[in-house]
Amino acid sequence: MKNMRVMISAGLYMLLSGCVIGSGPCLWLQVRHDFTGRVHFREFPRSDGVDTVPILILDKTQYMYAPPQSFQCLAANDVQLAGMTEFPDSIGENTHVTVDGKMIEGVTAGQYTRFVINVISIFPLRPKH
């Protein structure tokens, strides 16, 4: 009986590891994913002026597995968008978009959020009728 409990506990542990109960699995860094949210442009001070960067406020909190920071999943609510020199004219402040890209850790100069998306493609979502 004790062995059975240990086996069931170990099985549940392995099954649920990497998951946030009620929110699904943790996403891996450097793996391509789709993210949905609203784009906002925020200003951050720099030594030579102000840096205006696009920030994606996610519709749903995503949990990221980032071993260099923690062995637990870390929440991502707002992420910086990188890898695009210009946005299409159809994307402005508070535009609801879907972004296809790879999430990385924001560790270098000019990266102002914990996580940054290297954008592969971005397109606006149509408003619901």
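Each value, and the rule that gives it
- Residues numbered from 1 in each chain as written.
- Predicted model: local features only at pLDDT ≥ 70, side-chain atom pairs only at ≥ 80, totals over all residues.
- Heavy atoms only, no water.
- Helix = DSSP H or I, 4+ residues; strand = E, 2+ residues; numbered from the N terminus.
- Contact = heavy atoms within 4.5 Å.
- Pairing = 2+ DSSP bridges.
- Core = buried A, V, L, I, M, F, W, Y, C linked by side-chain atoms within 4.5 Å.
- Buried < 20%, exposed > 50% of the residue type's maximum accessible area, 1.4 Å probe, protein only.

1. Thoughts on the environment of methionine 64
When you line up the elements, methionine 64 lands in strand 5 (residues 49-65). Placed 12 residues apart in sequence, methionine 64 and alanine 76 show a C-alpha to C-alpha distance of 7.0 Å. With residues up to four places along the chain from it excluded, the contact list for methionine 64 reads Leu27, Trp28, Leu29, Gln72, Cys73, Leu74, Ala76, Met103 and Phe115.

2. Section: the pairing of strand 4 (residues 32-46)
Across seven bridges, strand 4 lies against strand 7 (residues 96-105) in antiparallel orientation. Considered in strand 7, the bridge of glycine 37 is made with valine 97. Note that strand 4 and strand 5 share 10 bridges and pair antiparallel. What sits directly across from glycine 37, in strand 5, is leucine 58. A loop of two residues connects strand 4 with strand 5, the two strands running antiparallel in sequence.

3. Focus: the nonpolar core
One finds Leu56, Leu81, Val99, Met103, Phe115, Ile117 and Ile122 to be the most contacted residues of the largest nonpolar core, which totals 20 residues. Looking at this core, the elements that each hand over two or more residues are strand 4, strand 5, strand 6 (73-82), strand 7 and strand 8 (115-124). Not counting residues within four places of it along the chain, the set of residues in contact with valine 99 comprises His33, Asp34, Phe35, Leu56, Leu81, Ile117, Val119, Ser121 and Ile122.

By themselves these figures say nothing about function.
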